[in-house]
Structure formats: structure tokens, C-alpha cells
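For reference, the chains in residue letters:
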Amino acid sequence: MSITPYRVLVGPEGYLPPAAASRGILLPEKGEALIEGAIVPEEEAMQAIATKLLSAKNPFFFPGPQLLWDWKEGVALKAQAVKKLADLAGARVIPMPDYRPKYPMINPAVEINPNHPNLTIWHNKIDVCVFIGVHCHYANMALKIIRGGTSCYTIALCGEAGHEDAMISLCCMGMPELARLTEIIQSMKGEQAA
Amino acid sequence: MSIKVIKPTAAFASLLPTEYLELVADGPYASPKTINDLGTFKEIIAEHPHCAGCGVALGVRLTVASLPAPADTLIVGTAGCSFFGLAQAALNYSCSAFGNQNAVASGLKRMLKIRYPDTDKDVVVLVGDGGIADIGLDLTLHSWFRREKIATIMVDNEVYGNTGGQESGMTQEGQVLNMAPKGKNFAKIPVFELARVSGCVYGARVTVASPKKIGRVVRKAILLAREVGPTYVQIYTPCPTNFKFPPQQTINIAKKAEEGYYSFQEFISDDAQAYWEKNFASSTM
Amino acid sequence: MIEQRVVAPEYLFNEAEREEQFITGSEAVREAIKRANVDMAISYPITPQSESMHLVGDIYAEGYIKEYFRGENEFAVMSSVAGAAMGGVRVFTATGGPGTLRAFEAFPTWAGARLPVVCAFMTRGINSPLSIQPDTLEMAYMLDTGIIMLHAENSQDLYDMILQAFMIAEKPDVHIPVGVFVDGFFITHTRDRVKIAPPDLKLPPYNPYSAPVPVMDMENPPIRQMRDPFVMKSNFISYAAHASWQQEILAAAERSRRHIAHYLGNLLEAENETAPVMIVASGTAVSQSREAIESARQEGLDVGLVKLKSLRPFPTEELKAMTANAKAVIVPEFNRVGWLAREVRAALEAKVKVVGGPRVFGGMTMPPDLILDEIRRCANE
Ligand SMILES: Cc1ncc(C[n+]2csc(CCOP(=O)(O)OP(=O)(O)O)c2C)c(N)n1
Ligand code: SF4
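Here the residue numbering is sequential within each chain, running from 1 through the sequence in written order. All chains are assigned letters beginning with A, and all ligands numbers beginning with 1, in the order in which they are written. Only residues with pLDDT of at least 70 get local features here, since the model is predicted, and only at 80 or more are side-chain atom pairs given and counted; chain-wide, interface and lining totals rely on the full set of residues. As a convention, hydrogens and water are excluded, and side-chain values are obtained from all of the structure's heavy atoms.

Enquirer: Kindly report on the overall build of chain C, identifying the contributing residues and their values.
Expert: A run of H or I in DSSP becomes a helix once it reaches four residues, and a run of E becomes a strand once it reaches two; helices and strands are each numbered from the N terminus. Across its full length, chain C carries 13 helices and 17 strands. Here the globule rule is a power law, 2.2 Å times the number of residues to the power 0.38, and the radius of gyration is based on C-alpha atoms. Over its C-alpha trace chain C gives a radius of gyration of 21 Å, about what one expects of a compact globule, namely 21 Å for 381 residues. Counting only C-alpha atoms and orienting by the principal axes, one finds that chain C spans roughly 65 × 55 × 45 Å. By the burial criterion, 66% of the 381 residues in chain C qualify as buried. Whether two residues are in contact is decided by their heavy atoms: any pair within 4.5 Å suffices. Considering only intrachain contacts with a sequence separation of at least 6, the fraction spanning at least 24 residues in chain C is 81%. Only the protein chains shown count as cover for residues, and the accessible areas themselves come from Shrake-Rupley with a 1.4 Å probe. If you sum the accessible surface of chain C, you get close to 12,700 Å²; carbon and sulfur atoms cover 51% of it. For every residue, the accessible area (1.4 Å probe, protein chains only) is compared with the maximum for its type, and the residue is labelled buried under 20%, exposed over 50%, or partly exposed between those bounds.

Quick look at the structure:
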């Protein structure tokens, strides 16, 4: 293991940034989360997400296919909750409807694609983004490309094991966790207003 | 049920790019379309990077426009020019090692049958002549011998288009191509005839000059593969780039071939015929 | 068929009372697969693998597996296995030697497509000249295919590792294939005492919808997806996407470390790791080393042993720690190329003298005396 531990920091990191997992970053357990490569309690990461989103100039949510398509029970409600969260955080939403590389050209104003997510980030000058509802393989692929070529701060709200390649990552994200994050943002906004 | 995978969630529906909204509203999923409806609905392949006048592109486009149940269809492909269009298709598309398509399709089809005994999940192999007749011939034949319930469709441009115009087993005798500098010295591999003796219950040989025939035989091949056994469709899809003819000549060349050595042919087993008459004889196509 | 109930993997592996049976390695495979809740197995014969896949066929006939057939060759089998895995089920197959090489192109495509296939490799010699005898040469080729590689020392390991392999392979953060390697004949065709769980227990089924990639069943979005290679254009975007994809496959193997540690205890096991002379081995070379160490101790020589259980991912840090006091490391192997010595050398970064050998191949056994000679030489240097 390298002497200085690798940290998952905002880019542009360079030509071909490594997978954070290959640099010794471990995934969190349930109840934990990752901030810039370090394992922290989930609550702390939620606070950090709220801070990041509320202080961002141009935050965006990128809901993936698992939230855009009403394919199983519970998805519609979850999509609604995510939309509410984005609105509350003052973030705009750009969808990732599928995973094939876009031919002949992507319209980066209206969509994002995991094979070339940087195009959408650059075009919309996005400084903080949230991945949710994207299959883990494609999310990791995209998160590395974003870290390599853009200065966007990446957040992953993952229903499975989480993402080392995001700067902040939650894991095991279900409805209760979504509700808690919404609550935190709500109260942080209240404090800011006060 | 699977149509759900193309129903947008209410929260985000308005944010979907136009192309998806069109697929949802006017795509072939909710009510399957036929070749006759081309031009009136949002196609599964809207854009593709094939060469101008590419016969393979047309063959692929016509094939996917003829699927009886696109919402429950999986295409298994392989390396080759057919990849270009299929990579853009609004369908599940798998493509792994060159020539292994019928083996991949065998595993997929058997498992989908076990996971969804009551839903027809059509597994359709759609690849080039090199993929089927040369590198994948043993896997193709064995899937037929084993009576795997797969429809195999060859887009036959009589050349390895994707790698720059080399001779394939389906190239005509005498044709000069890369790697056949003195002309090919054996005949086209009789895959169509092999299909008949290797277990296929239905086969058809067509060209892109006859889109309606393609629509009819592709649909028939897929419906018969569901219940009766393996089926095979061979479509002549001329390649302007490697045979160096002007792109606007593709259809003419296919038409000429259809009048000559690539005449329309069809075979059907007794079982398949009986099944067809019982279940689909009254159908419009 | 015995009526089975699903239990937690940890219960099946650690808590359920085990019965000791005196069985062959091939039979140990059968016993593992019987409890693995496998949906499909596909076979193709090659000595010394054939018997195990016959036995898997027998339990299919009894009803333990939903689908089983003999494919036409190993490349086809590995491709059909891939198709089944894409369809969202748990699959098993096995091969060895020439079969491994015949199928070779399939293995990186499995890993690249994130397919959690479990394959047993009963290793044997590779032609020419033709040999069916034990030899671990094929493992050299497999090291960089992207699959996870576990190496069994004995039938007990084989039974345990196959079951554990499914759990490791299917973790959403891993979800790449696992190969369980075992030295042909020495293990597959000899009887040994193996402790096995009760036959009425089985692993939980595979849940395809937690996978890191969509299942090819048209029941989960997106409708427009491709399994597997996806970009064929010549531009930087395509290169970067492909590179990131490959990094993610490597990352998946990295993530498997903690799951391997959870189920197997650790990626390696060590004995007497403060000794000045250490033997580092995997597979049956470990058992031969144990005998040599026994003799060496009687001669008053201080020797330790590291048994590598996982070769991919490779336990570099653990190995460094376990050989920190060593002045020499001996790597006995059953192949001519010495792939393990290469791995060990790379891991230990020239800090320790690595003796690449003894090596035997072509089916030869490894008399413990060969290893003992090496121990004596190292101890007296
Ligand atoms: C194992 C392997 N060998 C060779 C290739 C190179 N290759 C890719 S496509 C192709 C030819 C495809 O020809 P065909 O199947 O006729 O399809 P077309 O491109 O003409 O549509 C070849 C040789 C490969 N990808 N893999
Ligand atoms: S090379 Fe031929 S087959 Fe390939 S895309 Fe061009 S025209 Fe079509």
C-alpha cells in the first residue's frame, strides 16, 4: 500500500485516473459512507452532501435508468422522492436514460451518458452532481471519467455497496435514507434562511 | 409485463429527451409494428454509422422492424458490421466473442425459458456471414442439432466487411477480394441447405430488395422458433464499400441477385407447418 | 433428491454440523454443487475433469439443477455459460488443460461483462506433446484474464471454495467470475476425508437485480443496453470509456479481497511465519511442502509455510508481512514456467531471496525431498 493514502478528490485528476478501489479505498458497510475515500458514519456524509449541494453554484442530479423507468414496484415513489430532494436542494435534473454510447452525438443540454459524462458536465458547467439509479458498473465508469477530466464534485446515492470513485458515496440507500437526507437538507436550508 | 421497462416514471417523464419520448409514444413496443408500418412509427434503430448504401444496415433495420414482440426480444450478435446499427438499437443486445453467438444464445434462451416459463422471450441471433459460416459454423450447426429454440439470421454481404473486405466462406467462387488475391477458389458455403438437414424447422433465403418478404419470413422464423425449433433466415445484404459499387446501386444489385443465384427460397418441416396452420394461418402476414 | 432448504451462507459454511466422508475430489465437487443452488451446468469432457461433471449431471438428473447439457467444445460451453449468466441465473462449469486454452477468449469476456460465473479448473498438461497428467501450467495464462482465482490444496478446499466462490462472485461490488483451481488427478482422483454440510441445506438463490449491470431479460431497464464491448470508434472518448471499463473490472477484483477474507478466513494462511526460511506455495505443492517441513524440523531447521489460497487478487501485503523475517523464500511448483515464483518475486520487490523451485511437470510427483534439499541449502547459506 502506498505511504500516502489515495484520496478521492475533485478533478481534473489527469489523463487516466485510477479506480479508487485499486488504490486501497474500501467500500463502506451499512450505516457508513465514504467522504473522499475515508469511511465515515452515514449521518456525517449526509451532512456533507447537504452542505455541498446547498453551497453549489450549479448542482445537478443524474437519475439513471432504474429511476427513470417504472419497471418495478416502488420505483415511482422513489423517483418522486428523488425529484423532491433535487428540487429542495435547488438542483436541476438531467437524465441518463440508458448506457449505450450516443450516436452520432449527444445533446449534453438534456442528457448524460456513462461513456462520456464529461461532455454533459462541461456543457452545463456543473460543479456538483449526484448519481442515483445508475447500475453500479456504469456509475463507476462514469465517475472515473468525471474525476479525470472535470472539476465537478461527485456524489453517489447507491442502493447497493456504494462507489469509491465518487467523492461522497452513500450505500444501501433506500426510502428511509432518502427521507433522512431530505430532512437534513430541509433543516440546513432553514438554518441558512434564518 | 416487461413493457414496464419502457414506461417512464411520472416524476421524470417530462425530462426525458425527445427521442425517448418518441420511443415510448410511437415505438413498436406497446403495439408491435410490421414492415408495412415503416415510416409511421419510431424505429428501434433511428440512426447508425454504417457506410452510405450499406445493405447490412438495411437488412438489420428491416429485421428489427419485423420482430413480433420487440419488448421481449433479445438480440445476440457478434463482431462485424451488423454491430454498428445494433449497438444503437433500443433492444437488449449482447455481443461478446467473434463467432460465439449461437452458443451464447443457447444459454440465454434456456435460462429465460426457465425464469419465464409463461412469457415468450425471443432470442434472435443477427450477425454476418463470416460470423455464422466461418468462425462460428460449428456453434451454429450444433445449436441447430440440439434444437435450440433460437431464430438465426444471417446478413450476408459475401465478405468480411468490418475488417476491410476479405474473402468469407459465403463469397462467390472466383471473386477477387483481400486474402483471395487470385479469386476465391471454392463455392459459397451452403448454409441454407445445411440448415435444412441440421434441424432447422423453417428456413428462408431473401434479399434486401424484397422488404415485405423479409418482414414475413423474419416474423415467421421467430414465431416458429418459440415453440417448434431452430429457424434460419439468410438475407443478401450487398456491401458497396468492399464491392466498390455506387451506394445507390445496393437495391438493384440485390434485385439482380434475387432474379439469379440468390432466388427466394423457403422450407418448412411438417411439424412447423402444422403448428403454423393451427396458430397463425389466419394472420395477416 | 432430498428436499432442501435455503440457509445463510455463513451457516452452511461455518455453523451447520458437518459429516466427514471419505471421497474423491470429483465427488467433493458433486457435494458442493448439490448445496450450491445452481440453476444451470454445462459440461464438456476432458480428463481429469470429466468425472466431476458426470457427477454434476447425475445430480441434475436427480433434480438438484434445473438445466444441464453437454456442449460441443469448451469455447462453446464457456459462451453458453456466459449467455445463461446474462440471463440472470447461477451457472457452473469445469474444464482443464487444453480445454482451458481452447476456451481462452471466453474468460476475459466473462470478466468484462461482469458475469459471476463459477468455473472449476482441474489442471493438467498442455500439448504438445499430448499429456493428460497433472501440471498447473494453464494457470500462468489465466492470471491476467480478469477472473478471480482460488487454488485448492485438497478436496476439502475444493468443496469449500466452490461454494464460497458463488457468494464471492455474486457480490454486487464484485460480480466477476471466480475460477476454483485444483491440481488434476492428485486431488480429483484420490480419496480424502472431507467434512461436508448436511444434504438438506443449500445456498440462497442468486438475485440478478442487484447486479452492477442490467440483466438481459427485458424485465429491467434500460431497454437499450449492450453487454459487452460497446465502443468501436477511433476517438479519445471511446478509448477513455473502454479504459475506465477495464479499470472497473480490476477494481471489482480488488473489492473481492474482503469477501474472500470473510468466507475463506484470509487470502493466505501462514505457519511459523517468523522463520528465516519460508516456503510459499499453492495447490498440492502446499501438501508436499508440509511433509518437507516436517522432515526439516526433525533436522532442527526452522522453516515456515505460506499457503496462498487466492492468486487473483494476489495477497501482496499479507505475503510481505508473512515473509518479513525471511532471508529466503522457496516456491515449489508443478509447472515448467514458474508463474508463482514470478508473482512472489514481484510482490516481495527483491527484498528477499526468492528461490524459484523445485519445479516438476508433465505429471511428475514432487518428492518432499526435493523441497527439503532446497530448505537445507537456504538454511545453510
Ligand atoms: C477471434 C476473432 N478473430 C477475428 C476478429 C476480427 N473480425 C472482426 S469482424 C470480422 C469479420 C466480420 O465479417 P462478417 O461476419 O461477414 O460481417 P460483416 O462485417 O461483413 O458484416 C473479423 C474477421 C475478431 N474480432 N475476433
Ligand atoms: S463495409 Fe460494407 S457492410 Fe460494412 S458498413 Fe460499410 S457498406 Fe456496410
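Let's pick the thread back up.
Enquirer: Can you break down the site of ligand 1 residue by residue, with the values?
Expert: Residue and element names in this part refer to chain B. Summary of the distance rule: residues count as near a molecule or strand when at least one heavy atom falls within 4 Å of that molecule or strand. Near ligand 1 lie 16 residues; those nearest to it are Cys-81, Gly-130, Gly-131, Asn-157 and Gly-161. Taking Gly-130, its main chain carries an N or O atom lying 2.8 Å from an oxygen atom of ligand 1. Polar contact criterion, stated in full: a pair of N or O atoms within 3.5 Å, where within protein one must be able to donate a hydrogen and the other to accept it, and residues adjacent in sequence count only if both atoms are side-chain atoms. In the environment of ligand 1, an oxygen atom lies 2.8 Å from a nitrogen or oxygen atom belonging to the backbone of Gly-131. The greatest single-element share of the shell around ligand 1, amounting to 4 residues, is contributed by helix 5 (residues 129-135). By the convention adopted, Pro, Cys, Tyr, Trp, Phe, Met, Ile, Leu, Val and Ala count as nonpolar, Lys, Arg, Asp and Glu as charged, and the other residues, Gly among them, as polar. Looking at the shell around ligand 1 residue by residue, the classes come out as 6 nonpolar, 8 polar and 2 charged.

Enquirer: Please give an account of the packing of aromatic side chains that cites residues and values.
Expert: Here a ring pair, both rings aromatic, is described through the centre-centre distance and the interplanar angle of the planes. Classification of ring pairs rests on two measures: the distance between centres of Phe, Tyr or Trp rings, Trp counted by its six-membered ring, which must be within 6.5 Å, and the angle between planes, read as stacked under 30 degrees, edge-to-face over 60 and tilted in between. The full count for this structure, using the stated rule, is 23 aromatic pairs over all chains. Centre to centre, the rings of B:Tyr236 and B:Tyr262 are 4.9 Å apart; their planes meet at 20°, and the pair counts as stacked. Remark: B:Tyr262 occurs in the loop between helix 10 (250-259) and strand 7 (265-268) and B:Tyr236 occurs in strand 6 (residues 231-236); sequence separation between them is 26 residues. Pairing C:Phe107 with C:Phe121 gives two aromatic rings, centres 5.4 Å apart and planes at 65°, and the pair type is edge-to-face. Of this pair, C:Phe107 sits in helix 6 (residues 106-112) while C:Phe121 is found in strand 6 (residues 118-123), placing the two residues 14 residues apart along the sequence. Residue classification places C:Phe107 among the buried residues on the basis of a relative accessible area of 0%. A connected cluster of aromatic rings, assembled from ring pairs, spans C:Phe104, C:Phe107, C:Trp110, C:Phe121 and C:Phe181. As a reminder, the over-ring test applies to NZ of lysine and CZ of arginine, requiring each to be within 6 Å of the ring centre and within 35 degrees of the ring normal. One Lys or Arg, B:Arg110, reaches over the ring of C:Phe69 and ends 3.9 Å from the middle of that ring. Here B:Lys184 stacks its cationic end above the ring of B:Phe186, 4.1 Å away from the centre of that ring.

Enquirer: Tell me what's going on with the packing of helix 1 (residues 42-55) of chain A against helix 6 (residues 175-193) of chain A, and back it up with residues and numbers.
Expert: Axis angle and axis distance: for two packed helices, these are the angle between their axes and the distance between the axes, and together they describe the pair. Residues and elements named next belong to chain A. Remark: helix 1 packs on helix 6, axes separated minimally by 9 Å, with the N-to-C direction vectors making an angle of 50°. Viewed along their axes, helix 1 and helix 6 adopt a mutual orientation that is oblique. By crossing handedness, the relation of helix 1 to helix 6 is classed as right-handed. Along its contact with helix 1, which presents Glu-42, Glu-43, Met-46, Gln-47, Ile-49, Ala-50, Thr-51, Leu-53 and Leu-54, the element helix 6 presents Glu-177, Arg-180, Leu-181, Ile-184, Ile-185, Met-188, Lys-189 and Gln-192. Its residues assigned to classes, the contact of helix 1 with helix 6 comprises 9 nonpolar, 3 polar and 5 charged. Between N-to-C directions, angles cover 0 to 180 degrees, with each direction set by a line fitted to C-alpha atoms, over the stretch in contact for helices. Each angle receives one of four descriptions, namely roughly parallel if under 35 degrees, roughly antiparallel if over 145, roughly perpendicular if within 65 to 115, and oblique otherwise. What makes a crossing left-handed is the near helix being turned counterclockwise from the far one by less than a right angle; a clockwise turn instead makes it right-handed.

Enquirer: Explain the site of ligand 2 residue by residue, including any values.
Expert: Residue and element names in this part refer to chain B. In the vicinity of ligand 2, the contacting residues are His-50, Cys-51, Cys-54, Val-56, Cys-81, Asn-157, Gly-161, Cys-239, Pro-240, Thr-241 and Asn-242. Looking at the shell around ligand 2, the element that brings in the most residues is helix 9 (residues 240-243), giving 3 residues. Grouping the amino acids of the shell around ligand 2 by side-chain chemistry returns 6 nonpolar, 5 polar and no charged.

Enquirer: How would you explain the pattern of salt bridges if you had to name every residue and give the values?
Expert: Pairs may arise between side chains of opposite charge once their charged atoms sit close together. Basic side-chain nitrogens of Lys or Arg form a salt bridge, by our definition, when they fall within 4 Å of a carboxyl oxygen of Asp or Glu. In total, this model carries 58 salt bridges over all chains according to the counting rule given. Two residues, A:Lys30 and A:Glu177, come together in a salt bridge whose shortest N-O distance is 3.7 Å. With a gap of 147 residues between them, A:Lys30 in the segment before strand 1 (32-35) and A:Glu177 in helix 6 connect regions that are remote in the sequence. Using a relative accessible area of 61% as the deciding quantity, one classes A:Lys30 as exposed. Here C:Asp157 ties to C:Lys307 by a salt bridge, and the two come within 2.8 Å at their closest N and O atoms. Pair noted here: C:Asp157 is in helix 8 (residues 155-169) and C:Lys307 is in strand 14 (residues 303-308), with a separation of 150 residues, a long-range link. The class for C:Lys307 is buried, based on a relative accessible area of 4%. Residues joined in a network through salt bridges with shared partners are A:Glu13, A:Lys144, A:Arg147, A:Glu164, A:Asp165, C:Arg114, C:Glu248 and C:Arg255.

Enquirer: Give a detailed account of the interface of chain B and chain C, specifying residues and quantitative values.
Expert: Residue-level contacts link 47 residues of chain B with 41 residues of chain C. Throughout, buried area stands for the accessible area (probe radius 1.4 Å) lost by two parts on being put together, summed over both. Contact between chain B and chain C buries roughly 3,500 Å² in total, counting both sides, with carbon and sulfur atoms accounting for 61%. The largest contributions to the chain B side of the interface with chain C come from B:Val5, B:Asn92 and B:Met111, which together make up 17% of the buried area. Seen at the junction of chain B and chain C, the total is 5 salt bridges. C:Arg224 is the salt-bridge partner of B:Glu19, the closest N and O atoms lying 3.3 Å from each other. Run the count over chain B and chain C and you get 16 residue pairs in polar contact (both at pLDDT 80 or more). Contributions of two or more residues to the side of chain B that touches chain C are made by helix 1 (18-26), strand 1 (73-77), strand 2 (92-95), helix 4 (101-115) and helix 6 (137-145) of chain B. It is helix 4 of chain B that contributes the most residues to the side of chain B that touches chain C, 10 residues altogether. Strand pairing is assigned whenever DSSP identifies at least 2 bridges connecting the two strands. For strand 2 of chain B and strand 11 (residues 225-227) of chain C, the ladder comprises 3 bridges, and the chain directions are parallel. Residue pairing across strands places B:Asn92 opposite C:Gln225, the latter belonging to strand 11 of chain C.

Enquirer: Would you mind going over the sheet that holds strand 7 (residues 148-151) of chain C in detail, with residue names and values included?
Expert: Hydrogen bonds between backbone atoms are what pair the strands of a sheet, whose relative direction is either parallel or antiparallel. Read from one edge of the open sheet, 7 strands run 4-3-5-6-8-7-15 (chain C), paired in mixed fashion. Every interior strand has two partners, whereas the edge strands, strand 4 (67-70) and strand 15 (310-312) of chain C, have only one. Here the average twist between neighbouring strands, direction ignored, is 20°. Both strand 7 of chain C and strand 15 of chain C contribute to a ladder of 2 bridges, which runs antiparallel. In the strand pairing of strand 15 of chain C, C:Leu150 is matched with C:Ser310. Docked against the sheet, helix 4 of chain B engages strand 3 (40-43) and strand 4 of chain C, running at close to 155° with respect to strand 4 of chain C.

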